[in-house]
Amino acid sequence: MKNFILGLAVLSTVLMKAQTRIIAHRGYFQSQPPTTENSIKSLENAQKLKVYGSEFDVRMTKDGVLVINHDEHHGKMEISETSFKELESLKLSNGEKFPTLKDYLKQGKKDSSVKLIVEIKPAKTPEIENEITQKTIKMIKDMKLESQSEFISFSLNICKEIKKIAPEFKVQYLNGELSPEQIKKEGLDGMDYHYSVFQKNPTWIADAKALGLITNAWTVNDVAVYEQLKNQGIGFVTTNIPEQLKNK
């Protein structure tokens, strides 16, 4: 009987691992009522939805404050060339204040079941990228969020810097030009590519899985595309419609 129960537990674990899990892209912002991407509210919505994780974008202001914003500009202000005081004078479109990484992580800590998918955006020089990376990792460690945090970036330099500073963190590359074998050779944990990359390279999901790599696709906002990727065994998808894909 014990062996039977153990067998069921193992099978259940295997099936759970085989499921495609959902990451809310810049939080869950296409909610009812709608809110703003990369806002604290969008993260809170993703937490309420109980998806695997919520993705967000980290940049650094001219005076060294880590903030959450996808684009290089906040309004007409270039983030890397503007002080935080000036940037926070312009609120988000939902009325929230311009979010710092610290504020975002505080909200993230309220629900340890939802992973924080930290995208560190490329910067103008490798030196600035390294500074942002070091500051981000220090803040996550200071707030004791190591087990809840995973990293992604379009910058190979940032990805490698994360693994250099904190090899225990999971790091996935976003840009799409490296094969699974190359990702493995670079010492990274996985590939998080636009879904079209996997469509053009139909063996890459299976190849990556055979190498023990994480597979993720962005930004999957079409149920049919999701089903195709799921049938190929992809591990994760990042989406603007997490509520639609969650139970598919």
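Structure first, text after, so check above.
So, a few notes on the structure that sits alongside this text. A quick note: this is a predicted structure, and the numbers were derived from the prediction, not measured. Every chain's residues receive numbers from 1 upward, in the order its sequence appears when written. Two thresholds apply to this predicted model, a pLDDT of at least 70 for residue-level local features and 80 or more for giving and counting side-chain atom pairs, whereas whole-chain, interface and lining totals are computed over all residues. As a rule here, side-chain values come from all non-hydrogen atoms in the structure, and water together with hydrogens is ignored.

### A closer look at the side chain of E55
Considering the arrangement of structural elements, one finds E55 in strand β2 (residues 53–60). To sort residues, take the accessible area from a 1.4 Å probe on protein chains only and compare it with the maximum for the residue type: under 20% means buried, over 50% means exposed, and anything in between is partly exposed. Asp and Glu are treated as the negative residues and Lys and Arg as the positive ones, with His and the ends of the chain left uncounted. Note on definitions: salt bridges are taken to be side-chain nitrogens of Lys or Arg within 4 Å of carboxyl oxygens of Asp or Glu. There is no salt bridge for the buried E55, and the closest opposite charge comes from R26, which lies 4.8 Å off by N-O distance. Here a polar contact is recorded for every N or O atom pair within 3.5 Å, except that within protein the pair must consist of a potential hydrogen donor and a potential acceptor, and residues adjacent in sequence are included only if both atoms are side-chain atoms. Reaching out from E55, the side chain makes a polar contact with the backbone nitrogen of R26 at a distance of 2.9 Å. We call two residues in contact when some of their heavy atoms are within 4.5 Å. Apart from the residues within four sequence positions on either side, E55 is in contact with I23, A24, H25, R26, G27, N38, I117, E119 and I152. For helices the rule is a DSSP run of H or I covering at least 4 residues; for strands it is a run of E covering at least 2, with both sets numbered from the N terminus onward.

### Concerning the packing of aromatic side chains
In this description, a pair of aromatic rings is defined by centroid distance and the angle of the planes. Aromatic rings from Phe, Tyr and Trp, taking only the six-membered ring of Trp, are treated as a pair when their centres fall within 6.5 Å; an angle between ring planes under 30 degrees marks them as stacked, one over 60 as edge-to-face, and anything in between as tilted. Within the structure shown, the criterion is met by seven aromatic pairs. Geometrically, the ring pair formed by F56 and Y104 is tilted, given 4.6 Å between the ring centres and 45 degrees between the ring planes. A residue pair is termed long-range when its members are at least 10 positions apart, and F56 in strand β2 and Y104 in helix α4 (residues 101–108) qualify at 48 residues. Assigned by exposure class, F56 and Y104 land together as buried. Aromatic side chains F151 and F169 sit 4.9 Å apart centroid to centroid with 65 degrees between the ring planes, which places their arrangement in the edge-to-face category. Of this pair, F151 sits in strand β7 (residues 149–153) while F169 sits in the loop between α6 (156–165) and β8 (171–173), and the two are 18 residues apart along the sequence. When sorted by exposure, F151 lands in the same class as F169, which is buried. Within the aromatic cluster, the residues linked to one another by ring pairs are Y193, F198 and W204.

### Comments concerning the pairing of strand β9 (residues 190–194)
Extensive coverage of β9 is indicated by the burial of four of its five residues. A pair of strands is treated as paired once DSSP finds two or more bridges between them. Bridge analysis of β8 against β9 gives two bridges, and the strand direction is parallel. In the sheet register, Y173 faces β9, and the bridge partner there is M191. Read as a crossover between parallel neighbours, the route from β8 over helix α7 (residues 180–185) to β9 is right-handed. Relative to strand β10 (residues 214–218), β9 is paired through five bridges, and the arrangement is parallel. Across the sheet, D192 pairs through a bridge with N216, a residue of β10. Place the viewer so that the strands point away; then a crossover is right-handed whenever the path from the first strand over the helix to the second strand goes clockwise.

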